[in-house]
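Chain residues, written in single-letter form:
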Amino acid sequence: MSHLTNITNKIFTLEELLNQVEIWKQNNQKIVFTNGCFDILHRGHVEYLAQAADFGNKLIIAINSDASVKRQGKGDSRPLQDEYSRTLLIAALDFVAAVVVFDDNTPFNLINKIQPNVLIKGGDYNPKCTDKADKKYIVGSDMVLSNGGTVEVIQFVPGYSTSKIEEKIKGN
């Protein structure tokens, strides 16, 4: 099988992913979930995702659709890359088991359907925050915890963010 086929085989529709997750769970695989835009794949993303993968056997990454990124108010220029390009780049990482695009404002519905063993977010979140209106609240954390799962936060690599890279490219 070609390398490109191996990569694209990790990109799932929601229905395909739910079927695959069921198989993994039947085989006692520990499912790890995280999400994001991943607009420009950089060192911070790679370190974060590699550490996330260490929390289980199968790392699922949900990518915000182009429309979802626009609704987040990240700026008129975002996303810089279309959702398929962002998905393909994330799927190319060896430690990623599955990638799926979601169009909602948050991954709540996706987390509810997947029921991961571990939910992971980046360092600007707080796993102890229970106020859903707080920006530090991790969407779906209450659901994962109530099902016996864990919620983890991985610290950012200082100096690496898509916004900073975008500013540098623009010469700001």
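Here the structure is a predicted model, which is why all the values come from computation and not from measurement. (Residues numbered from 1 in each chain as written. Predicted model: local features only at pLDDT ≥ 70, side-chain atom pairs only at ≥ 80, totals over all residues. Heavy atoms only, no water.)

Describing the overall build of the protein
Spelled out, the test is: Here a strand is any run of E in DSSP of at least two residues, a helix any run of H or I of at least four, and the numbering for each starts at the N terminus. Computation of the radius of gyration draws on C-alpha atoms, with the globule rule given as 2.2 Å multiplied by the number of residues to the power 0.38. Burial classes follow relative accessibility: with a 1.4 Å probe on protein chains only, a residue under 20% of its type's maximum area counts as buried, one over 50% as exposed, and anything between as partly exposed. Residue contacts are defined here by distance: any two heavy atoms, one from each residue, within 4.5 Å place the two residues in contact.
The secondary structure content of the protein amounts to eight helices and five strands. Beginning at the N terminus, the succession of helices and strands in the protein can be written as α-α-β-α-β-α-α-β-α-β-α-β-α. Taking 172 residues into account, the globule formula puts the C-alpha radius of gyration at 16 Å, and the protein, at 16 Å, falls close to it. For the protein, buried positions account for 40% of its 172 residues. The contacts of the protein with a sequence gap of at least 6 include a subset with a gap of at least 24, amounting to 76%.

Overview of the pairing of strand β3 (residues 98-102)
Put simply, the rule is: Strand pairing requires that DSSP identify at least two bridges connecting the strands.
With four of five residues buried, β3 is to be regarded as a mostly interior element. Here strand β2 (residues 58-64) runs beside β3; their pairing, made up of five bridges, is parallel. Residue Ile61 lies in a different strand from β3, and its bridge partner there is Val99.

Describing the environment of Cys37
Tracing the backbone shows Cys37 in the loop between β1 (31-36) and α3 (43-53). Sequence spacing of Cys37 and Gln20 is 17 residues, and the spatial spacing of their C-alpha atoms is 23 Å. In this structure Cys37 touches Ile63, Asn64, Val69, Gln72, Lys74 and Arg86, once residues within four positions along its chain are discounted.

Quick look at unusual backbone geometry
You will see that Asn28, though not glycine, has its phi angle at about 55°, which is positive. Relative to the elements of secondary structure, Asn28 occurs in the loop between α2 (14-26) and β1. Residue class for Asn28 comes out exposed when judged on its relative accessible area of 68%. In the Ramachandran plot, Gln115 falls in the positive-phi region, its phi being about 55° despite a non-glycine side chain. If you trace the backbone, Gln115 turns up in the loop between α6 (108-114) and β4 (118-122). Gln115 gets classed as partly exposed once you look at its relative accessible area, which sits at 23%.

Some details on the pattern of salt bridges
What counts, and what does not: The salt bridge definition used is simple: a Lys or Arg side-chain nitrogen within 4 Å of an Asp or Glu carboxyl oxygen.
In total, this model carries five salt bridges according to the counting rule given. Salt-bridge contacts for Asp39 lead to Arg78; the nearest nitrogen and oxygen are separated by 2.6 Å. Here Asp39, found in the loop between β1 and α3, pairs with Arg78, found in the loop between α4 (66-71) and α5 (83-91); they are 39 residues apart in sequence, far enough to count as distant. With respect to class, Asp39 is no different from Arg78; both count as buried.

Quick word on α3
Stated precisely, the cut-off is as follows: For this quantity, the arc is that covered by the directions from the helix axis to the C-beta atoms.
Three or more residues of α3 are buried, namely Gly44, His45, Tyr48, Leu49, Ala52 and Ala53. The arc that holds the buried residues of α3, viewed along the axis, is 160°, so those residues lie on one side.

Details of the side chain of Lys121
Put simply, the rule is: Here the positive residues are Lys and Arg and the negative ones are Asp and Glu; neither His nor the chain ends is included.
Structurally, the position occupied by Lys121 is in strand β4. For the buried Lys121, no salt bridge exists, and the shortest N-O distance to an oppositely charged side chain is 6.9 Å, to Asp124. Excluding anything up to four places from it in sequence, Lys121 contacts Thr34, Asn35, Tyr48, Ile138, Glu152, Val153 and Ile154.

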